[in-house]
Amino acid sequence: MKTFTYEKPASVEEAVGFVGAGTRFIAGGTNLLDLMKLQVETPDKLVDISRLDLAKIEDTDNGGLLIGALVPNSDLAADTRVREKYEVLSRALLAGASGQLRNKATTGGNLLQRTRCYYFYDPAMACNKRAPGSGCSAIGGYNRILAILGTSEHCIATHPGDMPVAMRALDATIITLTPGGDRRRISIHDFYRLPGDTPEIETVLEPGELITHVELPAPVAGKQLYRKVRDRASYAFALVSVAGLVSVENGTIATAQLAFGGLGPMPWRDSRVEESLIGKAPSDEIFAAAADILLADAQGFGSNDFKIPLMKRTLIACLRELTA
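Note that the coordinates shown come from a computational prediction; the quantities given were computed from them, not determined experimentally. (Residues numbered from 1 in each chain as written. Predicted model: local features only at pLDDT ≥ 70, side-chain atom pairs only at ≥ 80, totals over all residues. Heavy atoms only, no water.)

1. Comments concerning the packing of helix α11 (residues 284–294) against helix α12 (residues 307–323)
- Contact pair α11 / α12: the axes reach a minimum separation of 9 Å and the direction vectors enclose 135°. Of the possible angle classes, the one that applies to α11 and α12 is oblique. Judged by the sense of rotation from one axis to the other, the crossing of α11 with α12 is right-handed. Facing α11, whose interface residues are D284, F287, A288, A290, A291, D292 and L294, α12 presents M311, K312, L315, I316, L319, R320 and T323.
- A breakdown of the residues in the contact of α11 with α12 according to their chemical character gives nine nonpolar, one polar and four charged. (Axes fitted to C-alpha atoms, helices over the stretch in contact; angles between N-to-C directions. Helix = DSSP H or I, 4+ residues; strand = E, 2+ residues; numbered from the N terminus. Parallel < 35°, antiparallel > 145°, perpendicular 65-115°, else oblique. Left-handed = near helix turned anticlockwise from the far one by under 90°. Contact = heavy atoms within 4.5 Å. Nonpolar A, V, L, I, M, F, W, Y, C, P; charged D, E, K, R; others polar.)

Structure follows, in structure tokens:
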């Protein structure tokens, strides 16, 4: 075991003041502790933020919600306001992990969970995300759960989350505190980075920057849905998933907000897909055309080729339900 120091700050400001090279924040620890046990993560210092006052869900003046970064996934999913106004988020949370893990996992940590690529978790294998410049064993290897969109020659890892997919469909805003004391508001659409030639850099957060809240805008009209396709009924990561909010007026699709999991290195959203639906009468032909737009640049790597037709069938089925 690699030794590390441990700090328990009394405030958010004190927490970011502890940052330095090799420092990691820890709250629920449901992902970080696993990575430390495997020596994938070897921090010099852990800053325990679990006791900070960031576990509230509050109404905002514009009719939305302000969610503290330490709100457990189970509490967020069970909140009456979330269940009634943001059903897609509640369903996504309940589709993730197990009840025990949801009791510990936090809102901020869920946004930052790392890929479950087999090669990332095995220090004996080459992985540019874990060891930059070492190569990508997944390309040409067993890549069944990995990405078909947004990949690069350096990395084909997939973002594993459910909650972040729903958050992206909901146009969430991530609020942070930097080590310099500045508050930042980051749209979730700008929060994640494609791998390019630096797959180890996964978000736009600065070193030591702490997520304090997530803000949801006022709920929109229409039906909401989260569908997750996986290898078993529970406790499995998505092969593909869809978070959708769609409204129909006078027989045509008036609004559409769609995000996808299991496809890329981030929760995926393509405005062209939504634009292709708006103003059209619901039909399988229109739905199939939207799926073709989504998957136009998709590339399988052998073991995950099946994701392309699977995603098309799943999106068509979801749009049927959302427009029924």
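2. Overview of the pattern of salt bridges
- Throughout the structure, instances matching the rule amount to 21 salt bridges.
- The partner of K312 in a salt bridge is D292, and the shortest N-O contact between them spans 2.9 Å. With K312 in helix α12 and D292 in helix α11, the pair connects residues that are 20 residues apart, well separated along the chain.
- On the basis of relative accessibility, which here comes to 28%, the residue K312 falls in the partly exposed class.
- One connected set of salt bridges, linked through shared partners, spans R24, E41, R114, K129 and E202. (Salt bridge = Lys/Arg side-chain N within 4 Å of Asp/Glu carboxyl O. Buried < 20%, exposed > 50% of the residue type's maximum accessible area, 1.4 Å probe, protein only.)

3. What about the sheet that holds strand β3 (residues 45–48)?
- Within the open sheet, the three strands sit side by side as β1-β3-β2. Their pairing is parallel. Only two strands of the sheet have a single neighbouring strand rather than two, namely β1 (5–7) and β2 (23–26). Put simply, the sheet's adjacent strands are angled 25° from each other on average, direction ignored.
- Strand direction decides the pairing type here: β1 and β3, joined by three bridges, are parallel. Bridge pairing links E7 to V47 in β3. (Pairing = 2+ DSSP bridges.)

4. Quick notes on α12
- Its 17 residues give α12 an end-to-end C-alpha distance of 24 Å, which sits within 8% of 24 Å, the value for a rise of 1.5 Å per residue.
- Taken together, the buried positions of α12 are occupied by K307, L310, M311, T314, L315, I316, C318, L319, L322 and T323.
- Considering only its buried residues, α12 is in contact with β9 (223–229), β10 (240–249), β11 (252–261), α10 (271–277) and α11. (Expected span 1.5 Å × (residues − 1).)

5. Some remarks on α11
- By the burial criterion, the buried members of α11 are I286, F287, A288, A290, A291 and L294.
- Looking at the buried positions of α11, the neighbouring elements they touch are β11, α10 and α12.

6. A short note on the pairing of β10
- Among the 10 residues in β10, eight count as buried, and that is most of the element.
- The sheet contact formed by β10 and β11 spans nine bridges and is antiparallel. Each bridged residue has a counterpart across the sheet, and for L245 the counterpart in β11 is Q257.
- In textbook terms, the turn of a hairpin is the stretch between consecutive antiparallel strands, and for β10 and β11 this stretch comprises two residues, one of which, N250, has a positive phi near 55°.

7. Observations concerning the packing of aromatic side chains
- Taken as a whole and assessed by the stated rule, the structure comprises four aromatic pairs.
- Their ring planes at 75° and their centres at 5.8 Å tell us that F120 and Y121 sit as a pair that is edge-to-face.
- Assessed through its relative accessible area of 18%, Y121 is described here as buried.
- With 5.0 Å between their ring centres and 85° between their planes, F191 and Y192 make a pair best called edge-to-face. Taken as a pair, F191 and Y192 share a single burial class, namely buried. (Phe/Tyr/Trp six-rings, centres within 6.5 Å; stacked < 30°, edge-to-face > 60°.)

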